[in-house]
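Summary of the model geometry
What follows is each chain in one-letter form.
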Amino acid sequence: MIRALTLAAASLVLAAASFVVAAPASAATCMVRVPESLSSSSERARPMVPGPCKPGQGTKRVAKPVDPLKQIRNRMVSGKDVSYKDMQTLADSGDDLAQLHLAKRIEAENDPATLDAAARYYRRAAENGRTSAVRPLIRLLNADVFLDQPKNLASSQELLEKLAADGDAAARDGLIAMYRAGKPFGLDPARADELLVASAKGGDAKAALDLAFALLSGTPDAARIEEAKGYLKVAAASDTLNIRTMAENLLRTLEPQLTASTETSQ
């Protein structure tokens, strides 16, 4: 009986071989299972024999092309050394983090001839949403790095105005200070006041406190004092302890009757 089964299996393999030979000579060869029609019902699993490949089978996998910019960014993010050229290539491709890092690298060289390049990369990083680039950009603007570059100066002013309108406190405070100082965009105290009032009315606690101080400077009349009180109440609701404390102290000075009620509520 065993011999009969062995002979039957051998016959199946020979039949499968003849089945494979019938395949086109140009077809790729893979290991395939013997068709069920040629398989014995007594076999637990059909044997594997050479045969024509299925679509996609037997083809070599082609490695995906590696993005060189991605490799540079991965090295940068992981803290590995990145050459100046590679960093510049990545920054010029529009990567905001590379723009910020390159600006820092250029500024660290402290070469007056290249500080304007650092400011340009800071500006590009800020344009691309990297808010941490705003303060160093303002610092370089105050250093007059674009003194003889009106286009870069105008672009920087336009960016800071846009960021201030979007609620960026660093851009707003920088503009207010520069407009009051008269450089690098020229003297414009009226615009500085507009920015401060808009931010304070929008609920910005620091702007409200700054505006209250401005209204109380000198010898304010009763109307200015009342207006300052309104802004101080906005600042007194701040989550920032020092802003809230200063506002509350000023309010107590202006409205002594608030002291008792405030202390009682605490």
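Here, the structure is the one placed above.
Overview of the environment of I176
As for its placement among the helices and strands, I176 is situated in helix α8 (residues 169-181). We classify I176 as buried; its relative accessible area is 9%. Expressed as a C-alpha distance, the spacing of I176 and D193, which sit 17 residues apart in the sequence, is 7.6 Å. If near-sequence neighbours (up to four positions away) are discounted, I176 is found in contact with A192, L195 and L196.

Concerning the nonpolar core
Side chains that are nonpolar tend, in soluble globular proteins, to be buried together. One finds V134, L141, L160, L175, F185 and L232 to be the most contacted residues of the largest nonpolar core, which totals 61 residues. Each residue touching L232, except ones within four places of it in the same chain, is listed here: L209, A212, L216, A247, L250, L251 and L254.

Looking at the side chain of K229
Within the secondary structure layout, K229 lies in helix α11 (residues 222-235). In contact with K229, other than residues within four places in its own chain, are L251, L254 and E255.

Regarding unusual backbone geometry
Residue K183 is joined to P184 through a cis peptide bond whose omega torsion reads 0 degrees. Tracing the chain through its elements places P184 in the loop between α8 and α9 (189-201). Although it is not a glycine, N110 sits at a positive phi angle of roughly 55 degrees. Its location among the elements puts N110 in the loop between α4 (96-108) and α5 (115-127).

Here's the deal with the pattern of salt bridges
Summed over the entire model, instances satisfying the criterion amount to 17 salt bridges. The salt bridge involving D95 is made with R73; its shortest N-O contact spans 2.5 Å. Placement of D95 in the loop between α3 (84-92) and α4 and of R73 in helix α2 (residues 68-77) is noted, with a sequence separation of 22 residues between them. Its relative accessible area of 29% is what places R73 among the partly exposed residues. We note a salt bridge from E226 to K229, for which the minimum N-O separation is 3.0 Å. Of the two residues, E226 and K229 are both situated in helix α11; the distance of three residues between them amounts to about one turn of the helix. Judged by relative accessible area, K229 falls into the buried class, the value being 10%. Three or more residues joined by partner-sharing salt bridges are found here, namely R172, D173, D204, K206 and D210.

Conventions we followed
- Residues numbered from 1 in each chain as written.
- Predicted model: local features only at pLDDT ≥ 70, side-chain atom pairs only at ≥ 80, totals over all residues.
- Heavy atoms only, no water.
- Helix = DSSP H or I, 4+ residues; strand = E, 2+ residues; numbered from the N terminus.
- Buried < 20%, exposed > 50% of the residue type's maximum accessible area, 1.4 Å probe, protein only.
- Contact = heavy atoms within 4.5 Å.
- Core = buried A, V, L, I, M, F, W, Y, C linked by side-chain atoms within 4.5 Å.
- Salt bridge = Lys/Arg side-chain N within 4 Å of Asp/Glu carboxyl O.

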